[in-house]
Amino acid sequence: MTGNISFGEVVFAVTVGILLILLALRYAARERVSMNDAARAKAPGRFVSLSVGQTHWLAEGPDSGEVIVLVPGATLPQWIWGDLPSKLAAAGYRVIRYDLLGRGYSDRPGVPYNSDLFDNQLFELLSALQIKQKVHLMGLAFGCPIISEFAVRHAGLVRSLCFIGPDGFGVHMSKGSRLFMIPILGSFLFSLVGTRLLLKRIDDYSTDGALKDWLRVRYAPELEFKGFKRALLSSVRNMPIHDATASYASSDSRLPILVIWGDRDRVTPLPQVARLREALKRAKVHVLPDVGHLPHHERSDETTGLILKRLAEAPSA
């Protein structure tokens, strides 16, 4: 028996060490909190059971007002709308906002997070709330392909659309981010580093330090809920975040559309004008200077004013 260690033993020891490190990282990064009745007891607003899953929703404004439905983005739930709902409600509108499946206090079903799922959630929500009139739909980033496709599929239910920093014109993905698209491996890697990357990504939302601090404080607890990162990764894999132009063009041909975009948006950067106009020929487009991804926070009064003006111009139901 000798004291020499073979090459195979070294490889085995290194492999075991790497696996132990990965398992430790996975344990440290795990989602610890279940989305259950105890968690939902802390939530504002109300809940409705839909066939696609329990959905968290809130409403402001008079019951008799024209209905506006706010659809948030891929990562941040309904609270990302800030004080915009109360401002629209003060102008006489009935404002409904909700958490997309996989986010906030809504369910996290183990299904593909695709256009069909989000379309069904919105359709069933409107039905459950017994909304009979046509609605104004407003989306932020990832929410824009959802409302555009909804308007294409259910044209008789929609009065107007508003897109804020819309996805669907191409999202830059680094080589590292592309690894997340690989089945099985990508899911494991995202479970390891997703929390850190998502919190880091808040730096891209704005140059306003106070706003970024507010986002981090609100967002960090969301990352503890089980199923969130799985739902988010499935959404990125299955939704048309890189090219929703066909849906945009179809909805643009039928409905009044307002587009609001910050020229310093680093989350969904402003595309070339030619590409934007190819999809949205009739839309009213407002590019706000020195504004990032959240114009309704960074330039609140101006953004609200643009929205209210466009709503007033929309044809009656």
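Placed above this text is the structure.
What you see is a predicted model; the values in this text were computed from it and never measured.

A. Layout of the overall build of the protein. The secondary structure content of the protein amounts to 13 helices and eight strands. Here the protein holds 317 residues, and 49% of them are scored as buried. Partitioning the intrachain contacts of the protein with sequence separation of at least 6 by distance along the chain shows that 77% fall at a separation of at least 24. When the accessible area of the protein is evaluated, it comes to approximately 14,700 Å², of which 58% is carbon and sulfur surface.

B. Summary view of the packing of aromatic side chains. Counted under the stated rule, the structure contains nine aromatic pairs. On the numbers, 5.6 Å between centres and 90° between planes, the contact of F118 with F142 is edge-to-face. Of this pair, F118 sits in helix α4 (residues 115–128) while F142 sits in the loop between β5 (135–140) and α5 (143–153), and the two are 24 residues apart along the sequence. Residue F118 is classed as buried on the basis of its relative accessible area, which comes to 0%. Pairing F180 with F190 gives two aromatic rings, centres 5.2 Å apart and planes at 65°, and the pair type is edge-to-face. In this pair, F180 sits in the loop between α6 (175–178) and α7 (185–201) while F190 sits in helix α7, placing the two residues ten residues apart along the sequence.

C. Spatial organisation of the pairing of strand β8 (residues 284–288). By the bridge criterion, five bridges tie strand β7 (residues 257–262) to β8 in an arrangement that is parallel. Counted as the bridge partner of W261 is V287 from β8. Regarding topology, helix α11 (residues 273–279) serves as the crossover connection from β7 to the parallel β8, and that connection is right-handed.

D. Broad picture of the sheet that holds strand β2 (residues 53–60). Here we have eight strands laid out as an open sheet, ordered β1-β2-β4-β3-β5-β6-β7-β8, and mixed in their pairing. Every interior strand has two partners, whereas the edge strands, β1 (46–50) and β8, have only one. With strand direction ignored, the average angle separating the axes of adjacent strands in the sheet is 20°.

E. How the structure looks around the pattern of salt bridges. Inspection of the entire model under this criterion finds 19 salt bridges. For the salt bridge of K200 with D203, the shortest nitrogen-to-oxygen distance reads 3.3 Å. With a relative accessible area of 22%, D203 lands in the partly exposed category. Between R266 and D204 there is a salt bridge, with the nearest N and O atoms lying 2.7 Å from each other. Linking R266 in the loop between β7 and α11 with D204 in the loop between α7 and α8 (209–219), this pair joins segments that are 62 residues apart in sequence. Exposure remark for D204: the relative accessible area of 24% places this residue in the partly exposed category. Through salt bridges with shared partners, a single ionic network connects D116, D119, E149 and R153.

Cut-offs applied
- Residues numbered from 1 in each chain as written.
- Predicted model: local features only at pLDDT ≥ 70, side-chain atom pairs only at ≥ 80, totals over all residues.
- Heavy atoms only, no water.
- Helix = DSSP H or I, 4+ residues; strand = E, 2+ residues; numbered from the N terminus.
- Buried < 20%, exposed > 50% of the residue type's maximum accessible area, 1.4 Å probe, protein only.
- Contact = heavy atoms within 4.5 Å.
- Areas by Shrake-Rupley, 256 points an atom, 1.4 Å probe, with all protein chains shown as cover.
- Phe/Tyr/Trp six-rings, centres within 6.5 Å; stacked < 30°, edge-to-face > 60°.
- Pairing = 2+ DSSP bridges.
- Right-handed = clockwise from strand over helix to strand, strands pointing away.
- Axes fitted to C-alpha atoms, helices over the stretch in contact; angles between N-to-C directions.
- Salt bridge = Lys/Arg side-chain N within 4 Å of Asp/Glu carboxyl O.

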